[in-house]
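Letter by letter, the chains look like this.
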Amino acid sequence: MSGAQLLNPISGEVDADGRLVTADDALARLNERAGGRKNELLAVPAIKTLALLAIKLQMKLSRAVRVADDAENLELWIEIDPEPNKARLSIISWRVLPEVRRPSATSTPAHIVHDNVMKFDPVGRLVRATGEASHGLMPPDFGRDGNALLTTLFEAGSALDTLLTAMSAGTAVTTNTLKRLSDGVVFRVTGGSVSNGFELKFERVEEARSPAAAANEIPAAGALFGKNLAPVLRQPLGRIIANAETIGSELQGPIRENYALYARDIANAARHLSALVDDLGDLEAVERPDFKAARDNIELGDVARRVAGLLALKAADHRISVHTPPEDLLVPAVAEFRRTLQIILNLVNNAIRYSPDGTSIFIDICTVGAEAFISVRDQGKGIDPADQEKIFEKFERLGRSGDGGSGLGLYISRRLARAMGGELHVQNAEDGGAIFTLRLPNS
Amino acid sequence: MEIPLDHGVDDNNVLMKVGAEHAHDIDALCTDIASVIFPAAINPPTEATISAVSAKLIQLVSDLEARLLSKRNPHLPLTWDILSKSGFLREPDLIDFILARVAEDRLGACIAQDKVKSASTYLDHQNGMLADAAQTLLAAESLHRSGAGNTYLGLTSELLYKLTWQIVAAIEIYEGVRQPAIIASAKSLLSSFCEADRAQDAARKIVHFSEEPAHILVCNPEIYGLHLHVAALSADLEFDHDHILRLIDASSAAPYAVMLAACGVSKTHALKNIFLFRGDLITPREAGIFESGYSNLQLDEALIQIGFWASARAQFLSGGKLP
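Remember, it's a predicted structure, so these values are computed and weren't measured experimentally.

### Things to note about the side chain of B:Ser185
- Locating B:Ser185 in the fold gives a position in helix α7 (residues 180–192).
- Once residues lying within four places of it in the same chain are set aside, the contact partners of B:Ser185 are B:Arg67 and B:Leu68.

Set out below in structure tokens:
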């Protein structure tokens, strides 16, 4: 592909509100083709975003920008020079792309000309809504991420998930029935890619779906926690933790002491929730009837040292030292590497959590016949023999609370061990403390 | 051949499944690096990765701080404690940027530099833009290699802006008073920064202006170098440069294979590229997955799949982006 360098760059100016103040003919025509006019808001979202970013940062930007309308797909090379309240644009190259490659599923989209439509630009932001589809939308909603917007407008469920997935992939949306949250109106939604974005058509359905039909959609959603819901939950939880920590550490200035403590409580609660989300995702995976673990050739000493490295800071916080096997001792095993690592991380994490400060944790490995063993020994108070099986049960906490555990770690670990052809059990050491031992095949 | 996998994806092509898992994994790795708690990622961060990320972060903050304070050039930055306690150094987009640099270092080392034409072929090009971009790319690559003191010049404009003002705020907290001189220094730094001088942007500009078909650059990284290879993939797939770097360096070759398939690269060239960047890492299991999957991978399917990755990443990183 060859760039069409312009002998005379195409210039323009955009003010801090995003209005195209001045423009050479070619830029003005491009803006008009996108539905804009001079001295009004620049109607080419990619260029407007870039110009506003340059003004906000007060930094020179120089980027390739792709814009498209019904007639052409273009790649422009734009340099933007900011001033305090405006940005000067200079388009130094203007290239017509031969064709934009799209998956074939979307290469023959139905051309949608109906009135009740929502249109999204190539990066998924809402640019137009007409008829009933615009009901309840406010001016700030235009330019918002389409996925986020639709999630707030329509009832959650597999129909909405399917629609969002199709939009993300740019594939055609076949008939999909969605219920609007604000007024309960049900729409039949179809749509697909158009040359410069994605368009959805909304057709009002007079009768709401039958409960039976709705119920049919629920089971699939229930089985997708780890795959779909967990990643969505992790991100906001991460933000909560980070922001609560910022507040709690009083970086923006002193706050009342009890408020700082509340912020730390929020961070700790969110951390606990985040760990629970991970555990529930794993729980769903290990309880699937078709769950299988891979058979990798692994070395248990390597696993032990990785775990010790990952938890070194946490152990140091409690003045606990983690002892690993000597590097020259090799104990091969056949198991899935990441699952083995997960089990040992869980065991060492528990050992740190429940051992007195200043003690030691020992990770030992050995081979006996056709089996490999890795054990984690702590110097805590051990586990009552009556509870030694009970602790592997789901949600079993042995009466503990408030320590950040979910009661799922050991249950998941044992299920993983068994899925890899091994076993996980616990016993008490003669001099006190608990020894958790993971047995795995070595051939 | 039956390969036991637990990927939760219902596609028929195992290569695509593995690609999807690992592409998701690179986002999860950001979180894991940030918190050092297990385990959203398939392969949790190794000590070496954590160490490389920490070292690069320290260098970055140190370089930027030295530039703002002009006389200071400490081993550990003055503002490090404050920034790390505030959670800023765990922002996903910053960690993602650093991980891309770690990936860039590793992948760059896979290419024998003496055989790379890189941008030098364009230096005397009659198209002035192309010649300028080539010069910029060579200068940026040389700056990258020479290292210390200038790491902040590789930041994106958005990240440089955020990091600069965070450091200024942290210095003020440390000193306990307003610092007009440092604020002026920060403004001067930002206004003099031009992202066109970054290697990634110069490479993308070359791809834009070059008459060379992008396909040639995609197929021959050993000749054109890492930056041009990634920039060509970025242009072809409309994918972010750093995202591509991290996907090539993911814990599996599958995401890279899916990207190459989406660009229509032949199996022979794909295999050559995979061995170039991952020869030391590829396992027999992965080789089997590639062997059985690549030819069956449809260009359309691959494009759809990587569309998912791009949108997942955009959502993942949105938390740390400027509004």
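### Quick notes on empty space enclosed by the protein
Residues and elements named next belong to chain B.
- Inspection of every chain in the model, using the stated rule, returns three cavities of 30 Å³ or more.
- The computed volume of the largest cavity comes to approximately 60 Å³.
- Forming the walls of the largest cavity are 11 residues, and the residues nearest its centre are Leu15, Ala253, Ala254, Glu286 and Phe290.
- Elements supplying a minimum of two residues to the lining of the largest cavity: α1 (14–35), α12 (254–262) and α14 (284–293).
- Among the elements that make up the lining of the largest cavity, the one with the highest residue count is α14 (three residues).
- Looking at the lining of the largest cavity residue by residue, the class counts come to nine nonpolar, one polar and one charged.

### Considering helix α8 (residues 199–209) of chain B
- The buried fraction of α8(B) is high, at 11 of 11 residues.
- Buried within α8(B) we find B:Ala199, B:Gln200, B:Asp201, B:Ala202, B:Ala203, B:Arg204, B:Lys205, B:Ile206, B:Val207, B:His208 and B:Phe209.

### Remarks on a nonpolar patch on the surface
- Taken together, A:Ile247, A:Ile255, A:Tyr259 and A:Tyr262 make up a surface patch of nonpolar side chains, about 400 Å² in accessible area.
- When you line up the elements, A:Ile255 lands in the loop between α7 (225–248) and α8 (257–286).

### Thoughts on the packing of α12(B) against helix α13 (residues 267–278) of chain B
All names here are of chain B.
- With their axes 10 Å apart at the nearest point, α12 and α13 run at an angle of 145 degrees to one another. Handedness of the crossing formed by α12 with α13: right-handed. Residues Tyr256, Ala257 and Leu260 of α12 lie in contact with α13, whose contacting residues are Ala270, Asn273, Ile274 and Phe277.
- Residue composition of the contact of α12 with α13, by class: six nonpolar, one polar and no charged.

### Considerations on unusual backbone geometry
All names here are of chain A.
- Despite not being glycine, glutamine 58 shows a phi value in the positive range, around 55 degrees.
- Relative to the helices and strands, glutamine 58 resides in the loop between α2 (45–57) and β3 (61–68).
- For glutamine 58, a relative accessible area of 29% corresponds to the partly exposed category.
- One non-glycine residue, arginine 319, lies in the positive phi region at around 50 degrees.
- According to the relative accessible area criterion, arginine 319 is exposed, its value standing at 60%.

Rules used in this analysis
- Residues numbered from 1 in each chain as written.
- Chains lettered and ligands numbered in written order.
- Predicted model: local features only at pLDDT ≥ 70, side-chain atom pairs only at ≥ 80, totals over all residues.
- Heavy atoms only, no water.
- Helix = DSSP H or I, 4+ residues; strand = E, 2+ residues; numbered from the N terminus.
- Contact = heavy atoms within 4.5 Å.
- 1 Å grid on protein atoms, 1.4 Å probe; cavity = no way out; pocket = protein on both sides within 12 Å on 5 of 7 lines; lining within 4 Å.
- Points joined across faces, edges and corners; volume = space filled by probe spheres on them.
- Nonpolar A, V, L, I, M, F, W, Y, C, P; charged D, E, K, R; others polar.
- Buried < 20%, exposed > 50% of the residue type's maximum accessible area, 1.4 Å probe, protein only.
- Patch = residues over 30% accessible without salt bridge, like charges linked within 9 Å, V, L, I, M, F, W, Y side chains within 5 Å.
- Areas by Shrake-Rupley, 256 points an atom, 1.4 Å probe, with all protein chains shown as cover.
- Salt bridge = Lys/Arg side-chain N within 4 Å of Asp/Glu carboxyl O.
- Axes fitted to C-alpha atoms, helices over the stretch in contact; angles between N-to-C directions.
- Left-handed = near helix turned anticlockwise from the far one by under 90°.

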